[in-house]
Amino acid sequence: MSTSIAVRGLSFSYPGGHQALDGVDLTIEAGERVAIFGPNGAGKTTLVLHLNGIHMPADGVVTVGGLPLDEKSVMEIRRRVGMVFQDPDDQLFMPTVRQDVAFGPANFGVAGDELDQRVVSALTAVGMEHAIDRAPHHLSLGERRRVAVATVLASQPEILVLDEPSSNLDPASRRELATILAELDVTVVMVTHDLPYALELCERSIILDSGRVVADAPTRELLGNEALLTAHRLELPFGFDLRTV
Amino acid sequence: MSGGHAHALHVHGHSSVHKLPGHLKVAGLLLFVAAVVATPARALWAFGLYAIGLGVVAGLAGIPARFIGKRMLIEVPFLLFALLLPFVGEAPYTSFAGIRISEAGLLAAWTILAKASCGVVASILLAATTEIPEILAGMNRLRVPAAIVAIAGFMVRYLEVISDEMGRMRVAMAARGYEPKMFWQIKALATSAGALFIRSYERGERVYLAMVARGFQGTMPTTDDSPAAAIDIARALAIPALAGIVAVLALVGAR
């Protein structure tokens, strides 16, 4: 297995002085599916914004597929790392689904027939090809989140980063999205509070708290450690029993 | 909404007018409006011809007169203003049923009525036969600055998102027993407008992050630029071009 993402000694503080990341070390192999847990304000979103070069490492190193993140490599890294944001209304900003899905690859220089094919195959991968000429605001939240995944898939990323993919979805939409994500042949990094979702989709999980990685283990093992979960304000839902899953 | 992509001003259809490329229709509208504006107000026959031209387009596109009539209500406030002009205008005066009427004011009122109505009906026909994304793509092809097209696109995209947010804020106020209806209760509305502005501003920042994450570097990707067929150009510009000729004849006749 080759290394997909390597983060070394990454620290970041916001202009107000809040230390969001405090020496994060993390290695993710190609093809792995990794969940990131942590209480609100732990630095999860700040960490994933570094994986895509939205935040540049002030202190430390981020490497994607062997390429260190810097001003010169940032465009290539943005192509390799697809970010799916939490609110699809932030992600889908073009008048039609087709234009939105084409936005990424067009920025990365894809044009003409290949661009059309990319759009169709990305939408097919999420089961939304029928909505290609619709306006995003006429889709349901579940449909919009699937289209948001397609907008990223169209750039053919090696790594998919999802911020709270299951939040606010009804149970059927949540399951449909899981089916789609499970079938994708990419490295997945998923920030979530939905622990059962992580168990279903990710074999490995890390816990981030106060800007540090405090646990890194197979998801089942990590979720079985009640003391660890409690210490970081994490809880399995009522009635959820790991032994029966 | 079966199409799922219709807007309130759009009438779904497959007529020859619907099928014309968006940029030609936008250009046609501009040309037509320019012709109308240039026409001297006293050339009544010219306005008659413009009305016939608009009627032909509406007929071809299958847009019901009722639909156009309803949408024309938007010009009512302007027309109310125009109706005052004959009574407050300057000399020379004439009288009608014992009321003193300013000739210049009467002419000004007619000008507003005729020209505004032609422009409004032409715009209604454009909106009724063209989807918003097509209008935006048309503006792009007509070399309207990309930033303006992008702003118009964002406005269309986020209008509903923001009005939904406003709706939720009103429900939240009403749920706590406050439903501002009277003018002196406007302070609460102003406060919520401020909150809405902040929320929209923050959304703008998040949208920008999402754009940057997908490789945005300051310019929107260009869309299809294949040249329009000559037959489409002829169809789209036929009536605006005739209107142009009518305007020239009317101008010459007025000398």
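In what follows, the structure referred to is the one given above.
Below you will find a few notes about this structure. (Residues numbered from 1 in each chain as written. Chains lettered and ligands numbered in written order. Predicted model: local features only at pLDDT ≥ 70, side-chain atom pairs only at ≥ 80, totals over all residues. Heavy atoms only, no water.)

## Re the environment of Glu90(B)
Phase 1: Following the sequence through the fold, Glu90(B) ends up in the loop between helix H5 (76-88) and strand S1 (93-96).
Phase 2: For the pair Glu90(B) and Gly105(B), spaced 15 residues apart in the sequence, the C-alpha separation amounts to 6.9 Å. (Helix = DSSP H or I, 4+ residues; strand = E, 2+ residues; numbered from the N terminus.)

## Points about the packing of aromatic side chains
The description of an aromatic ring pair rests on the distance of the ring centres and on the angle between the ring planes.
All names here are of chain B.
Phase 1: Scanning all chains against the criterion turns up nine aromatic pairs over all chains.
Phase 2: The ring of Tyr-93 carries Arg-100 above its face, with NZ or CZ at 3.8 Å from the centroid.
Phase 3: The ring of Tyr-158 has Arg-157 lying over it, and the distance from NZ or CZ to the ring centre is 4.9 Å. (Phe/Tyr/Trp six-rings, centres within 6.5 Å; stacked < 30°, edge-to-face > 60°. Lys NZ or Arg CZ within 6 Å of the ring centre and 35° of its normal.)

## Some words on unusual backbone geometry
Phase 1: Of note, Asn168(A) is a non-glycine position whose phi angle comes to about 65°, a positive value.
Phase 2: Look at Arg143(B): it is not a glycine, yet its phi comes out positive at around 65°.
Phase 3: For Arg143(B), the location among the structural elements is in the loop between helix H7 (132-141) and helix H8 (146-175).
Phase 4: Residue Arg143(B) is classed as exposed on the basis of its relative accessible area of 60%. (Buried < 20%, exposed > 50% of the residue type's maximum accessible area, 1.4 Å probe, protein only.)

## Considerations on H5(B)
Residues and elements named next belong to chain B.
Phase 1: With 13 residues, H5 should cover 18 Å at 1.5 Å per step; its first-to-last C-alpha distance of 19 Å lies within 8% of that length.
Phase 2: Of all the positions in H5, only Leu-79, Ala-82, Leu-85 and Pro-86 are classed as buried. Each buried residue of H5 sits inside an arc of 90° when the element is viewed along its axis, so together they form one side. Pointing more than 90 degrees away from the buried face of H5 are the exposed residues Pro-77, Leu-80, Phe-81, Leu-84 and Val-88. (Expected span 1.5 Å × (residues − 1). Arc of directions from axis to C-beta.)

## Side note on the pairing of S1(B)
Residues and elements named next belong to chain B.
Phase 1: When S1 meets strand S2 (residues 99-102), the two strands line up antiparallel, connected through four bridges. Bridging across to S2, Tyr-93 finds its partner in Ser-102.
Phase 2: A loop of two residues connects S1 with S2, the two strands running antiparallel in sequence, and Ala-97 in this loop sits at a positive phi of about 50°. (Pairing = 2+ DSSP bridges.)

## Some remarks on the interface of chain B and chain A
Phase 1: Tallying the contact residues gives 29 residues for chain B and 30 residues for chain A.
Phase 2: When the two sides are added together, the surface that chain B and chain A hide from each other amounts to roughly 2600 Å², 60% of it contributed by carbon and sulfur.
Phase 3: Together, Arg157(B), Ala213(B) and Arg214(B) form the three largest contributors to the area buried by chain B at its contact with chain A, with a combined 31%.
Phase 4: Taken together, the links from chain B to chain A amount to five salt bridges.
Phase 5: Here Asp87(A) ties to Arg203(B) by a salt bridge, and the two come within 3.2 Å at their closest N and O atoms.
Phase 6: Run the count over chain B and chain A and you get 11 residue pairs in polar contact (both at pLDDT 80 or more). (Contact = heavy atoms within 4.5 Å. Buried area = accessible area lost by both parts, 1.4 Å probe. Salt bridge = Lys/Arg side-chain N within 4 Å of Asp/Glu carboxyl O. Polar contact = N/O pair within 3.5 Å; in protein donor to acceptor, adjacent residues only side chain to side chain.)

## Quick look at the pattern of salt bridges
Phase 1: Under the definition given, this model contains 18 salt bridges over all chains.
Phase 2: Between Arg203(B) and Asp90(A) there is a salt bridge; the shortest N-O distance is 2.7 Å. Of the two residues, Arg203(B) sits in helix H9 (residues 186-213) while Asp90(A) sits in helix H3 (residues 88-91), which places them in two different chains.
Phase 3: Among the residues examined, Arg203(B) registers a relative accessible area of 9% and is labelled buried.
Phase 4: The buried category is assigned to Asp90(A), whose relative accessible area is 3%.
Phase 5: A cluster of three or more residues bridged by salt bridges with shared partners is formed by Asp87(A), Asp90(A), Glu165(B), Arg203(B) and Arg206(B).

## What about the sheet that holds strand S3 (residues 33-37) of chain A?
Residues and elements named next belong to chain A.
Phase 1: If you walk across this open sheet you meet the six strands as S6-S7-S8-S3-S9-S10, and the pairing is mixed. Only two strands of the sheet have a single neighbouring strand rather than two, namely strand S6 (81-84) and strand S10 (212-218). For this sheet, the mean inter-axis angle between neighbouring strands, taken without regard to orientation, is 20°.
Phase 2: Pairing between S3 and strand S9 (residues 204-209): four bridges, direction parallel. Considered in S9, the bridge of Phe-37 is made with Ile-207.
Phase 3: Contacts between helix H6 (residues 141-153) and the sheet are confined to S6 and strand S7 (159-163), with S6 contributing the most and set at about 160° to the helix. (Axes fitted to C-alpha atoms, helices over the stretch in contact; angles between N-to-C directions.)

## Considerations on the side chain of Asp194(A)
Residues and elements named next belong to chain A.
Phase 1: Mapped onto the fold, Asp-194 is located in the loop between strand S8 (187-191) and helix H8 (195-201).
Phase 2: Engagement of the side chain of Asp-194 in a polar contact is seen with the side chain of Ser-166, the distance being 2.8 Å.
Phase 3: Apart from the residues within four sequence positions on either side, Asp-194 is in contact with Ser-166 and Arg-174.

## Remarks on a nonpolar patch on the surface
Residues and elements named next belong to chain B.
Phase 1: On the surface, a nonpolar cluster with roughly 790 Å² of combined accessible area is contributed by Trp-45, Leu-49, Ile-52, Val-56, Leu-60, Leu-242, Ile-245 and Leu-249.
Phase 2: Those elements that provide at least two residues to the nonpolar patch are helix H3 (44-61) and helix H10 (230-253).
Phase 3: Per-element accounting of the nonpolar patch gives the leading share, five residues, to H3.
Phase 4: Along the chain, the position of Val-56 falls in helix H3.
Phase 5: In this structure Val-56 comes out as partly exposed when scored by relative accessible area, which is 41%. (Patch = residues over 30% accessible without salt bridge, like charges linked within 9 Å, V, L, I, M, F, W, Y side chains within 5 Å. Areas by Shrake-Rupley, 256 points an atom, 1.4 Å probe, with all protein chains shown as cover.)

## Notes on the sheet that holds strand S4 (residues 59-64) of chain A
Sheet strands pair via backbone hydrogen bonds, and the direction of the pair is either parallel or antiparallel.
Phase 1: On the basis of which strands lie adjacent, the open sheet formed by four strands has the order S2-S1-S4-S5 (chain A) and antiparallel pairing. In this open sheet, the two edge strands, each paired with only one partner strand, are strand S2 (19-29) and strand S5 (67-68) of chain A.

## Considerations on the packing of H3(B) against helix H6 (residues 103-129) of chain B
For any two helices packed against each other, one specifies the crossing angle of their axes together with the interaxial distance.
All names here are of chain B.
Phase 1: Two elements in contact, H3 and H6, have axes separated by 11 Å at closest approach and are oriented at 15°. With respect to H6, the axis of H3 lies roughly parallel. Seen from above, H3 lies across H6 with left-handed handedness. Contact residues: Leu-44, Phe-47, Tyr-50, Leu-54, Val-57, Ala-58 and Ala-61 in H3; Trp-110, Ala-114, Lys-115, Cys-118, Val-121, Ala-122, Leu-125 and Thr-129 in H6.
Phase 2: A per-class count over the contact of H3 with H6 returns 13 nonpolar, one polar and one charged. (Parallel < 35°, antiparallel > 145°, perpendicular 65-115°, else oblique. Left-handed = near helix turned anticlockwise from the far one by under 90°. Nonpolar A, V, L, I, M, F, W, Y, C, P; charged D, E, K, R; others polar.)

These results come straight from atomic positions and should not be treated as a statement about function.
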